[in-house]
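Now for the letters of each chain:
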Amino acid sequence: MTWWCTGVRWRVGGGPALGWYGEGKGERESPLAFGDVLAFRAVGGRRCLGVWRGGRRTPCPAAAVLSGRGTRAQCAECAGIDRAHSVAADTMADDPRPYHVYLAWFGSGMVKVGITGVGRGSARLLEQGAVAFTWLGRGPLMAARRAEELLRSALGVPDRIPYAQKRAVRAALPPAGERAGELARAHATAVALAGWPESLERLPCEVVDHAEVFGIEGGVDGAAGGGRLGGVGSVVSELVEGGVVVGTLVAAAGPDLHLVERMGSPLLESRELGEGRRLVVDTRLLGGWQLEALGKSEREAADVVTSVPVKPVKEVSALQGGLF
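Looking at the nonpolar core
Now for step 1: Ranked by internal contacts, the top residues of the largest apolar core, which has 57 residues, are V101, L151, L239, L257, V281, L286 and L291.
Now for step 2: For this core, the element with the highest residue contribution is helix α3 (residues 141-155), accounting for seven residues.
Now for step 3: Those residues within four positions of L286 in sequence are excluded, and the remaining contacts are C5, L18, F40, L239, V281 and L291.
Now for step 4: Grouped together as the second largest cluster of nonpolar side chains are eleven residues, Y102, A130, F133 and V169 included.

A word on the layout of surface pockets
Now for step 1: The calculated volume of the second largest pocket comes to roughly 270 Å³.
Now for step 2: Of all the secondary structure elements, the ones that give two or more residues to the lining of the second largest pocket are β2 (16-22), β3 (26-31), β4 (37-43) and β16 (290-293).
Now for step 3: Broken down by element, the lining of the second largest pocket gets its largest block of residues, four residues, from β4.
Now for step 4: By residue class, the composition of the lining of the second largest pocket is eleven nonpolar, one polar and three charged.

Concerning the packing of aromatic side chains
Now for step 1: Going through the model one piece at a time under the given rule, you end up with two aromatic pairs.
Now for step 2: Here W10 and F214 contribute two aromatic rings whose centre-to-centre distance is 5.3 Å and whose plane-to-plane angle is 65 degrees, an arrangement assigned as edge-to-face. Here the residue W10 occupies a position in strand β1 (residues 4-10), and F214 occupies one in helix α6 (residues 211-214), the gap between them amounting to 204 residues.
Now for step 3: Between the aromatic rings of F133 and W135, the centroid separation amounts to 5.0 Å while the plane-to-plane angle is 70 degrees, which identifies the pairing as edge-to-face.

Quick word on the sheet that holds β3
Now for step 1: Spatially, the three strands line up as an open sheet ordered β1-β2-β3, and their pairing is antiparallel. The sheet terminates laterally at β1 and β3, the two strands that pair on one side only. The average angle at which neighbouring strand axes cross in this sheet is 30 degrees, direction not considered.
Now for step 2: Pairing of β2 with β3, which is carried by six bridges, proceeds in the antiparallel orientation. The partner of W20 across the bridge, within β3, is R28.

Describing the pattern of salt bridges
Now for step 1: Under the defined criterion, the tally for this structure stands at 21 salt bridges.
Now for step 2: Note that R167 and D256 form a salt bridge whose closest N and O atoms lie 3.0 Å from each other. Taken together, the residues R167 in helix α4 (residues 163-169) and D256 in strand β14 (residues 256-261) connect sequence positions 89 residues apart. Side by side, R167 and D256 carry an identical accessibility label, which is buried.
Now for step 3: The partner of R167 in a salt bridge is D282, with the nearest N and O atoms 3.3 Å apart. You can see R167 sitting in helix α4 and its partner D282 sitting in strand β15 (residues 277-282), a full 115 residues away along the chain.
Now for step 4: Among the residues examined, D282 registers a relative accessible area of 5% and is labelled buried.

Considering unusual backbone geometry
Now for step 1: Of note in the backbone geometry, A63 takes a positive phi value of approximately 45 degrees without being a glycine.
Now for step 2: Relative to the assigned elements, A63 resides in the loop between β6 (56-58) and α1 (76-84).
Now for step 3: For A63, a relative accessible area of 42% gives the class partly exposed.

Rules and cut-offs
- Residues numbered from 1 in each chain as written.
- Predicted model: local features only at pLDDT ≥ 70, side-chain atom pairs only at ≥ 80, totals over all residues.
- Heavy atoms only, no water.
- Core = buried A, V, L, I, M, F, W, Y, C linked by side-chain atoms within 4.5 Å.
- Buried < 20%, exposed > 50% of the residue type's maximum accessible area, 1.4 Å probe, protein only.
- Helix = DSSP H or I, 4+ residues; strand = E, 2+ residues; numbered from the N terminus.
- Contact = heavy atoms within 4.5 Å.
- 1 Å grid on protein atoms, 1.4 Å probe; cavity = no way out; pocket = protein on both sides within 12 Å on 5 of 7 lines; lining within 4 Å.
- Points joined across faces, edges and corners; volume = space filled by probe spheres on them.
- Nonpolar A, V, L, I, M, F, W, Y, C, P; charged D, E, K, R; others polar.
- Phe/Tyr/Trp six-rings, centres within 6.5 Å; stacked < 30°, edge-to-face > 60°.
- Pairing = 2+ DSSP bridges.
- Axes fitted to C-alpha atoms, helices over the stretch in contact; angles between N-to-C directions.
- Salt bridge = Lys/Arg side-chain N within 4 Å of Asp/Glu carboxyl O.

Okay, here's the thing in structure tokens:
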């Protein structure tokens, strides 16, 4: 039976898991735990995962072969179908479900506004890698969308932040109290704005911090620093046929898995994690691949190391004007 990776999944109240799709077998998950050794080889070529709609996956009719560099495991045709039926495309104006408007924090000066279905809880924030967030309002879809546009123009906050920027600041976060304070100030400014849709209920500021869930720092004790993360050095730029990834999982945020690589030596013990190279695996690149687990003897062999292409994580400016 062939299982194709679908990337990382997050569940509210739980940790990350790798998702899998088997044609005719449906979906399954493999939970991930910090301290686990990940050791796999990409095989079988990368293929389109089709369209996920209404809780089920429709296979790609062309079984299209994809490039290893793309972060979307879909061909152009399937991606077009997805966009045509997405909330983001504003093609669901009559959607009766309630929606939340939120403010999400990713780093100092990196705050974005967005909307997500109330029924999804905070899953969308986990998927985006939001270090902290607070709800702003709740109401019908189009009211939530109008509020999102109001906040974007009045506060100068974007509706998206590139993942490259998010991961570049993840290892040098300010303390939890500073994160909460920045969100609280943005929330106070937002709810005081004129022009809120009448059908959108304003919600109080209740900051939820994901740093501990992600494993990126102490989180609840307010300590600054990288915690288990320890730094962000390189990121996988693509998977290739036969390419190997080997490392110890120390943190995860959104689609990113943070590994500590061994450098031509046996797998690192927990006390030695500070000695290895930090590597980020953007699991959007894993989608559409078969991932073959390495056996114990192979993954412990000194000459088996990460062999897929990687690139350095570039430093970015974590400032955005117009918030206050």
